[in-house]
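Architecture and fold: a report
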Amino acid sequence: MRTLIMLRHAKAAQVPGLADHERPLTGRGERDAKRAGDEIRAAGLEPDMVLCSPALRTKRTAEIAFPEVEISYERDIYEAYPEELLELVRRSDPDLGTVVLCGHNPGVHELALGLAGGDYVFRPGAFAVIRVESAWADLYPGEGRLVTHWDPKED
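Structure report, in brief. Treat the numbers as computed from the prediction; the structure is a model and nothing was measured. (Residues numbered from 1 in each chain as written. Predicted model: local features only at pLDDT ≥ 70, side-chain atom pairs only at ≥ 80, totals over all residues. Heavy atoms only, no water.)

Examining helix α1 (residues 27-42)
For α1, spanning 16 residues, the distance from its first C-alpha to its last is 23 Å, which sits close to the expected 22 Å at 1.5 Å a residue. Of the residues making up α1, those classed as buried are Gly-29, Asp-32, Ala-33, Ala-36, Gly-37 and Ile-40. Angular distribution of buried residues about the axis of α1 spans 140°; they occupy a single face of the element. With respect to the buried face of α1, the exposed residues turned more than 90 degrees away are Arg-31 and Ala-42. (Helix = DSSP H or I, 4+ residues; strand = E, 2+ residues; numbered from the N terminus. Expected span 1.5 Å × (residues − 1). Buried < 20%, exposed > 50% of the residue type's maximum accessible area, 1.4 Å probe, protein only. Arc of directions from axis to C-beta.)

Encoded structure:
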């Protein structure tokens, strides 16, 4: 059994003249990123690896949520379609039991829905925990089971 945690970056600032890639987290975003990490650990989950977009808002979300976990910055996550994100997850080390994918909507939400279904929104800072039985390399849409979904605005 493997666990995939799909995490959308926390709330980011809209700064006129600043490139999208460089948008920082807001104060609320920083707090929500910490809360997301706390919620994941409270559920007994200890990520082995974080696959993260190199955008500033995703980097900070991952660093705050998982300060002691190895983070692999993958440029292919930025503006990725669900199929591209799935391919990235498939390339994960087969020995990893729990992987976090920290990225952007709509790709992160669409991949979570594609893997395990469900009916929920995916606001900034939200995550979905999906359990899968297949090896990472063999992961296909519909194979997962949604264990939980967390949204900072519903907590």
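There is more to say, and it comes next.
Topic: the pattern of salt bridges
Side chains that carry opposite charge are capable of pairing whenever their charged atoms lie near each other. As enumerated under the stated definition, the model contains 12 salt bridges in all. Residue Asp-76 pairs with Arg-75 through a salt bridge whose shortest N-O separation is 3.6 Å. Note on Arg-75: relative accessible area 69%, which makes it exposed. Note that Arg-90 is salt-bridged to Glu-87, the shortest N-O span being 3.3 Å. (Salt bridge = Lys/Arg side-chain N within 4 Å of Asp/Glu carboxyl O.)

Digging into the layout of surface pockets
Empty space within the largest pocket amounts to approximately 170 Å³. Around the largest pocket sit 15 residues that line it, and Glu-79, Ala-80, Asn-105, Pro-106 and Gly-107 are the ones nearest its centre. At 3 residues, the largest contribution of residues to the lining of the largest pocket is made by helix α4 (residues 107-116). In terms of residue class, the lining of the largest pocket is made up of 8 nonpolar, 3 polar and 4 charged. (1 Å grid on protein atoms, 1.4 Å probe; cavity = no way out; pocket = protein on both sides within 12 Å on 5 of 7 lines; lining within 4 Å. Points joined across faces, edges and corners; volume = space filled by probe spheres on them. Nonpolar A, V, L, I, M, F, W, Y, C, P; charged D, E, K, R; others polar.)

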